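Notes for the structure review
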Amino acid sequence: GYAAAQHHMSAIYSMGLEVPRDPDESTKWCRKAADQGYAPAQDTMGDIYMYDDYDQLPQQMDGVPRDLATAVKW
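The structure contained in this document is the topic of the report that follows. The shown structure was predicted, so the numbers you read here are calculated from the model rather than taken from an experiment. (Residues numbered from 1 in each chain as written. Predicted model: local features only at pLDDT ≥ 70, side-chain atom pairs only at ≥ 80, totals over all residues. Heavy atoms only, no water.)

Details of the packing of aromatic side chains
Summed over the entire model, instances satisfying the criterion amount to zero aromatic pairs. Directly above the ring of W29 sits K32, whose terminal nitrogen or CZ lies 5.0 Å from the centroid. (Phe/Tyr/Trp six-rings, centres within 6.5 Å; stacked < 30°, edge-to-face > 60°. Lys NZ or Arg CZ within 6 Å of the ring centre and 35° of its normal.)

Take a look at the structure:
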């Protein structure tokens, strides 16, 4: 339940640091932190849904469809 650690787990999975790169797992961990009101994770969630060129994101999220309404929500 520690939001900062959950956000960190998201980064670990998004970059594949010592674990296989897994965008779905990364998004799951980021969402857990964002749902607790952790602002950095909420910002990341907005970025995930904002960009359709995922190489623009430091997290390089693949497979998450662009959804501007959801991006604005976050």
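Read on, since the account is not over.
Side note on the packing of helix α2 (residues 23-35) against helix α3 (residues 39-50)
Two quantities define a packed helix pair, namely the angle between the helix axes and the distance between the axes. The N-to-C vectors of α2 and α3 enclose an angle of 135°; their axes lie 8 Å apart at closest approach. Judged by the inter-axis angle, α2 sits oblique to α3. Like other packed secondary-structure pairs, α2 and α3 cross with a definite hand, here left-handed. Listed contacts from α3 to T27, C30, R31, A33 and A34 of α2 are A41, Q42, T44, M45 and I48. Of the residues contributing to the contact of α2 with α3, the split by class is six nonpolar, three polar and one charged. (Axes fitted to C-alpha atoms, helices over the stretch in contact; angles between N-to-C directions. Helix = DSSP H or I, 4+ residues; strand = E, 2+ residues; numbered from the N terminus. Parallel < 35°, antiparallel > 145°, perpendicular 65-115°, else oblique. Left-handed = near helix turned anticlockwise from the far one by under 90°. Contact = heavy atoms within 4.5 Å. Nonpolar A, V, L, I, M, F, W, Y, C, P; charged D, E, K, R; others polar.)

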